[in-house]
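# Breakdown of the fold
Below, each chain spelled out in residue letters.
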Amino acid sequence: MPSILEPLKLRAKTAPGRVLFGPHCTNFATDNLPNERHADYYARRARGGAGLIVMEEASVHLSDWPYEKALKGYDERIVPRYRQVAEAVQAQGALLLAGLGHNGMQASGHVSKHVTWAASAIPNPATMEMPKVMERRDLEALLEGFRRAASFAAQAGLDGVELNAGQYSLLRQFLSGLTNLRQDEYGGSLENRLRLTRQVISAVREAVGPERVVGLRLSCDEYAPWAGIQPADSLEIAQALTASGEVDYLVVTTGSIYSIHATSPAMHTPVGHADELAAQIQAVVGAVPVLGSDNGVLARDADAVLAQYNLAGLDMTRALIADPDLALKLREGQADRVRPCIRCNQDCVVRSPFNQLVSCIHNPEAGHESEFPALEKVARPRRVLVVGAGPAGLEAARVAALRGHQVVVYERESVAGGAARLASLAPTRTEMSGVIDWRLAELARLGVPIELNSPVTPEVIERLEPEVVLVATGGKPRPSPILGADLPHVIGTRQVLDGATPGTGRVLVIDSEGYQAAINAAEYLAARGRSVEIVTEDNFVSMGLGALQELGPWFSRAATAGITLSPMTVVTAIEPDAVRVRSRFAPDTEHRLEGVDAVVMVNYDLPEETFYQELKARPGLTVYRLGDAVAPRRITQAILEGQRVGRSL
Amino acid sequence: MYSSQFKYLFSPLKIGSMTVPNRVLFSAHLTNLAENNLPSDRLTAYYAERARGGCGLIITEEQSVHPTDHAYEKLIHAFDERVIPYYRKMTGAVHGYGSKILAQINHNGGQASSVYSRLPVWAPSPIPDPMFREVPKEIELSEIREVIEGYARVARYLKEGGFDGAELQASHSSILRQFLSPHANRRSDAYGGSVEKRLRLVIEIIEAIRAEVGRDFVMGIRLCGDELIDGGVTIRETIQTARLLDQHGMLDYFNTSIGTATHTLFMVEGSMHIPPGYQLFVASALRQITELPVFGVGRIKDPLQAEQILADGHADMIGMVREQIAEPFFAEKARAGRVENIRLCISCNQECIGRAGLNLEIGCIENPATGHELELGRGTLPLTRRARKVVIVGAGPAGLECAKVAAQRGHQVVVLEKEAEPGGQVRLAVRVPNRAEYGDIIRNLLHEVSQLPIEIRTGCKADAATVLAEKPDAVVICTGMAPQRPALSGADQSHVLTVWDLLEGRGPEKVERAAVIDQVGFHQATSAVEWLASRGAKVDVLTPALYAGQDLGLTLDLENWYRRALALGVTVIPNVSPLGFKGHQVEAIGNYSGQMLNFGPYDLIVVANHGRACDELYFELLDKVPAVYRAGDALAPRRASHAINEGHLIGREL
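Here is a short report on the structure shown in this document. (Residues numbered from 1 in each chain as written. Chains lettered and ligands numbered in written order. Predicted model: local features only at pLDDT ≥ 70, side-chain atom pairs only at ≥ 80, totals over all residues. Heavy atoms only, no water.)

### Digging into the overall build of chain B
Rules: For the purposes of this entry, the term helix denotes a DSSP run of H or I that reaches at least four residues, the term strand denotes a run of E that reaches at least two, and both are numbered from the N terminus. For a compact globule the rule gives 2.2 Å times the number of residues to the power 0.38, and the radius of gyration it is set against comes from C-alpha atoms. Here a residue-residue contact requires only that any non-hydrogen atoms of the pair lie within 4.5 Å. Accessibility throughout is a Shrake-Rupley quantity obtained with a 1.4 Å probe, and a residue counts as covered only by protein chains that appear here.
What chain B contains, in helices and strands, is 22 helices and 28 strands. In summary, chain B has a C-alpha radius of gyration of 27 Å against a globular reference of 26 Å for 654 residues, a match within 12%. Projected onto the principal axes, the alpha-carbon positions of chain B cover approximately 75 × 65 × 45 Å. Taking the contacts inside chain B whose residues are at least 6 apart along the sequence as the reference set, 72% of them involve residues at least 24 apart. On chain B, roughly 22,300 Å² of surface is accessible, and the fraction owed to carbon and sulfur atoms is 51%.

Listed below in structure tokens is the structure:
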């Protein structure tokens, strides 16, 4: 089997490697066209050795405006913009393809103020918006749109196009019995359901000419066995769509309208969940190269995965967001230096009404390439003391050390990692440790000492004589105003994950955050046989998880583990063996939950800033504060501030 | 000119150094019309349209003072001096119509996240906001200086940009309100503690602005009368604060509000379920303690009501935001005594607040031109050069809007309606408790249509022959949707109804136990629940969504629906997908457990589902007339806003 680093020949083009940077929403666009930011973002990945880069999907027709910043591939003004990106990317050797598609009923009439188009009158389950059933002339317009958009990409000098029949795709909606109930020649039999995609492939092939690449991204399992595409169907579909020889490669993905979470799955889904399916597809499509989907394969395992599943390459989109130099590091034999994607989906899954720019919780440079040029050594190294070995402190230490400063890290606990380490102790969150482990390994390589069990006292400062102190002391628990919150059986998530939960009976988790901490505690305790209930005032439990596409999988795990979820519930008092609660909307519903012998309080921390305030008063010392010590937030802010402070020294 | 009918509403008022021509106020609100965090031509056109419509005073949306404030994507960053040329255009356009214009200055403080700024959020104390859920940084003294300087700088830019003055926001989403609030401000330094100390930042900002722009530049403050938060500001404290500011003597007026944008937004922009004028007690109270003009707000939408408020002495200016979003020419029409011609806001909150919640530009369910004044505003509808005979089938919102626009352009319009009266589904929606105001969509449209040479034939069930007999040049199919049985087993039983059946009165007289199945997520199911529960039924609502009324949050109807529904004994069962009805039982599957579940027995089961587009006539006529169009539910069953927008655009295209 070839290595992931070997070239891949596609038509007249040769990708210099088999790592694919797949199409994904970036929200970079201005006027719905690609720009400098796209060019920087893709060129950075090309420079790091990605072989094949597929740009953010561009819509092929004005009936499709899936999110506000979506690219309009049918607008001829896209040609010079494509060209700008192509020049930047191709100069690095990578192939650049345009992602082309139409979201069908998965678009939004809110954005466009137009009706959405679909195969059949089935509302989008995410929004309940009803689409228009496409008329004959609409189908013709769609084909023309694909043709037009593909020829714009070719005109601009791109190496080809990738067509989307995966997630968010009208083509998939036509292929699937879940969304296609048509009775004309585009619906019914598989032959009929294939018709539109076949026509699109032929039209696009004709538009780009014989030399450019046409790839196809295909959802091969919709996880809707009552009507949707199942793995067995996908074998037939893949075979049928590649039989004409017009498609040059396939990317095997999963997920559909009821399984958005299955397309870029978070860390709870097993690594490589769709690779076996990809292997089956590769077996039936013969000479057409099949690439595995973005499903968490680590760089160091890439070759083994190619060999095991007989695949031609891998979509490593999120891995390349986390570390654009992934392929370069592999080539240099430094697989262990690749900054690992932890599949948290916090900053990279940004398709939402809020237009957040794509980035990465532990690579703040992603999407902000122009803010973070390559690091340069300082003229005069300084003695830097970092207080606290959580994500903020470790990142600041790493960046400062790379710039040539003389850095030492002090940590008062016996283990590095701070709140992130703690979070990785939860049953399904072990990948979180990647944020810490990678930084520790980098710091070891840079020779930065990390002194554990070492609180920083005035004596330490006297002895080390630092010129700069970076205070990354993290957070501390916030007192709760709830009556009875000071009782001994009321604890925080720290104690839970340290194994210090009192009692043996029912546990109530009171969640004020709506994020991962309550889940971590609940799953940890349920796995140890405790009966667990999460209460929150919010409209539903774990409100923050929707944006991560983790809500559904977590609710399923909760159901399996017997964890009770009680939203819209206010806790009025905690008693030694019971908790008083009521509905948020009906004050007269107060009642006691009996037999509760442990209460876990999940609330936002307060900053641990005493040390900072003390140091700030000392003359002659430069002191910075970063991460939770400024305000307890998430890993993303901690690492961003660590990076910025490290660069500013 | 004084209108005899609305003497007070159309009397001028001196506010500081400025005299406004009348008492109609378009107060500050989020539009999302900014581009690249700067004002835009669209925003200018939006305000200019209301000035052109006679509004006396416009206060712009907030102008942010510091990069740490990026609470939402399209916030205007007024600390960037590039705003000034845009300001000049905006103020020039508004002044050209004789109106006055102030700009609101603000910093959202802790009611924000770092998503856009990638900087820590600043607030008086590290208390996370319930909407943004990010712990703010307790602002340090040097940073307070930066904020004060930011306010002064922005005030200077406003003055250079031609504004008549500025308003400090200390209300909905503001670091100033946070400092004033004992809930948000837990500081123990000079900026926290007593009312005076909590007011210190506001005073320092006022003084800094005065030092920058002088005493003549009009400056007011918008105060929150009651945060509606436990431990928050109440009217008692607001009176104290206003008294101190009045004594301090550097302000020219007080504007008022209640609630906050992130804790209690549903009380800031009350939907049609909240009584008109519900926030006026704040203005009324402040008017007792100050000689300065006081502005009142809160679901005020017709000139009679506004006149009464002025006559009763509750306020000096009448804030009417949503009314003028729907009807930019409110003041012009009221002054001329053409009260019937005023398009009334229905407080549905779907496109004004709802779109803001989706980070999209402002709109209006009734007025397609809102936010699109450059393309669709006054003066953009030319007469046709080639008058055509247009047959419109269906007199719902899409058909009536289309008829209106087509007739305004000079086409000859006939509307064929199969029912005995026009209105489409709106006729049904108004039958629900507290939703009668929704019917003003049709009242307004019918009035506009009645002013034009449009023939509406009710009771006319049109088929292809009927339409062809009219020899039309163009046909617009606005036939709406038809209810359909839900695609669930057992749905053909007589005790299973759709919401349309229920509202048409086809349900039984007496219902003991009812289930409402939600497959849409909007008002249909929640309305059916209230309809049944208010008639004494014990109601369960089953939904595959995470909670019932998943789309009611955007229209600010969610909180109060839950309060009303739970008080009526309604049980909400989320995360279940009904599969069918076995007799009087509902069989369902748990979305996440995969378990089969049984609910009931119920003597009535009501399903809120999507209808089917009535498109037969469209396809029949497709090749038989020169031009055939489709609008609204006949295209795909959706909301009234889509219907009206599509009807409008087709009317222009004809």
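### Some details on empty space enclosed by the protein
All names here are of chain A. The following threshold applies: In the cavity and pocket records, a cavity denotes points on a 1 Å grid over the protein atoms alone where a 1.4 Å probe fits but cannot get out, a pocket denotes an open set with protein on both sides within 12 Å along at least 5 of 7 lines, and lining residues are residues with an atom within 4 Å of a point. Grid points are joined across faces, edges and corners, and a volume is the space filled by probe spheres set on the points.
Across all of its chains, the model carries 12 cavities of 30 Å³ or more by this definition. Approximately 580 Å³ is the volume attributed to the largest cavity. Along the walls of the largest cavity sit 29 residues, with P23, H24, C25, Y168 and S264 positioned nearest its centre. At the level of elements, strand 4 (52-59) and helix 10 (317-322) are the ones that each hand at least two residues to the lining of the largest cavity. Examining the composition of the lining of the largest cavity, we find that 3 residues originate from one element, helix 10, more than from any other.

### Description of the nonpolar core
Threshold: Side-chain atoms within 4.5 Å are what join buried Ala, Val, Leu, Ile, Met, Phe, Trp, Tyr and Cys residues into a set we call a nonpolar core. Exposure is judged per residue with a 1.4 Å probe applied to protein chains only, and the accessible area is read against the type maximum: over 50% gives exposed, under 20% gives buried, and values in between give partly exposed.
Residues Y82, L100, V161, L163 and L218 of chain A are the most contacted members of the largest nonpolar core, which totals 106 residues. By residue number, the principal contributor to this core is helix 4 (residues 136-155) of chain A, which donates 9 residues. When neighbours within four sequence positions are excluded, Y82 of chain A is seen to be in contact with P34, M55, A58, A98, L100, F152, A153, A156 and L158 of chain A. Within the second largest apolar cluster, 92 residues are counted, among which are Y46, I76, I84 and M219 of chain B.

### Observations concerning the environment of C364 of chain B
Residue and element names in this part refer to chain B. Its location among the elements puts C364 in the loop between helix 12 (353-357) and helix 13 (373-376). A C-alpha to C-alpha distance of 38 Å links C364 and E146, two positions 218 residues apart in sequence. Here C364 is in contact with I325, A326, E351 and T370, once residues within four sequence places are set aside.

### Brief notes about helix 1 (residues 36-47) of chain A
All names here are of chain A. Condition: For a helix, the expected span equals 1.5 Å multiplied by the residue count minus one. What qualifies as a polar contact is a pair of N or O atoms within 3.5 Å, subject to a donor-acceptor requirement within protein and to the restriction that residues adjacent in sequence count only when both atoms come from side chains.
Spanning 12 residues, helix 1 covers 16 Å between terminal C-alpha atoms, matching the ideal 16 Å at 1.5 Å per step. By the burial criterion, the buried members of helix 1 are H38, A39, Y41, Y42, A43, R44, R45 and A46. In the core, the buried residues of helix 1 are packed alongside strand 3 (19-21), strand 4, strand 5 (71-72), helix 2 (78-90) and helix 10. At the N-terminal boundary of helix 1, the capping side chain belongs to N35, with an oxygen 3.0 Å from the backbone nitrogen of R37. With its phi angle positive at about 105°, G49 sits one or two positions after the end of helix 1.

### Side note on helix 18 (residues 551-561) of chain A
Stated precisely, the cut-off is as follows: For this quantity, the arc is that covered by the directions from the helix axis to the C-beta atoms.
L551, W554, F555, R557 and A558 of chain A are the residues of helix 18 of chain A that are buried. Taken around the axis of helix 18 of chain A, the buried residues stretch over an arc of 160°, which confines them to a single face.

### What to know about the pairing of strand 6 (residues 100-106) of chain B
Residue and element names in this part refer to chain B. Here is the rule: The pairing criterion is simple: DSSP has to find at least two bridges between the two strands.
Counting buried positions along strand 6 gives 6 out of 7 residues, so the element sits mostly inside the fold. Where strand 4 (residues 57-64) lies against strand 6, 6 bridges are found, and the strand directions are parallel. Across the sheet, residue I58 finds its bridge partner in strand 6, namely I101.

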